[in-house]
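An overview of the molecular structure
Okay, here's what each chain looks like letter by letter:
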Amino acid sequence: MTSFNHYALGAVADFLHRTVAGLAPAAPGYRRLRVAPRPGGGLTHASAELDTPYGPASVAWTLAGGILTVTATVPPGAVAEVDLPCPDAIPAEVGAGTHTFTGSYAP
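My aim in this report is to walk through the structure given alongside it, one point at a time. (Residues numbered from 1 in each chain as written. Predicted model: local features only at pLDDT ≥ 70, side-chain atom pairs only at ≥ 80, totals over all residues. Heavy atoms only, no water.)

1. A few points about the pattern of salt bridges
What the rule picks out here adds up to five salt bridges. Here Arg18 ties to Asp14 by a salt bridge, and the two come within 2.6 Å at their closest N and O atoms. With Arg18 and Asp14 both in helix α1 (residues 7-21) and four residues apart, this pair spans about one turn of that helix. The class of Arg18 is partly exposed, set by a relative accessible area of 41%. Taking the relative accessible area as the measure of exposure, Asp14 reaches 25% and is therefore partly exposed. When the shortest N-O distance is used, the salt bridge between Asp83 and Arg38 registers 3.2 Å. Here Arg38 lies in the loop between β2 (32-35) and β3 (45-52) and Asp83 lies in the loop between β6 (79-82) and β7 (92-94), a separation of 45 residues in the sequence. (Salt bridge = Lys/Arg side-chain N within 4 Å of Asp/Glu carboxyl O. Helix = DSSP H or I, 4+ residues; strand = E, 2+ residues; numbered from the N terminus. Buried < 20%, exposed > 50% of the residue type's maximum accessible area, 1.4 Å probe, protein only.)

So this is what it looks like as C-alpha cells:
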C-alpha cells in the first residue's frame with residue numbers, strides 16, 4: 001500500500017493513480033468512483049487497483065493501433081463515472097462489475 005500522506009511519495013503515486021491510470025474517488029468513501037485515464041508521454045498501458053470500503057476497484061488500459069481499451073472493475077454498492085479521452089466517447093455511469101470500453105485515440 002502506498003501512503004498518500006507523505007508528499008514526497010504520495011504526490012507521485014496519487015498522480016499515477018488518478019491521472020495516468022485514471023482511478024479516483026468521485027465522492028467521499030468511494031461510493032462513487034471516477035474512471036478517467038489520460039494516456040500520454042508514449043505510455044501504451046497502465047493499471048491501478050485499490051481497496052475501497054465496498055471491495056477492490058481497478059482500472060487497466062492499453063493503447064494499440066490508435067484504439068484505447070479500458071477495463072474497469074467497480075465493487076458492489078458503488079458506481080463509476082467513466083470519462084474516456086476519445087472523441088467518440090460519451091461519458092457513462094456504470095454499476096458494480098467488470099466493464100470494458102473501447103474508443104479511437106490519437107494523442
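2. Some thoughts on the sheet that holds β7
Spatially, the four strands line up as an open sheet ordered β1-β2-β6-β7, and their pairing is mixed. Strand pairing shows two members of the sheet lacking a second neighbour, β1 (23-25) and β7, which therefore form its edges. Recorded for the sheet is a direction-independent mean angle of 25° between the axes of neighbouring strands. Sheet topology note: the β6/β7 ladder contains three bridges and is antiparallel. Across the sheet, the residue bridging to Ala80 is Val94, located in β7. (Pairing = 2+ DSSP bridges. Axes fitted to C-alpha atoms, helices over the stretch in contact; angles between N-to-C directions.)

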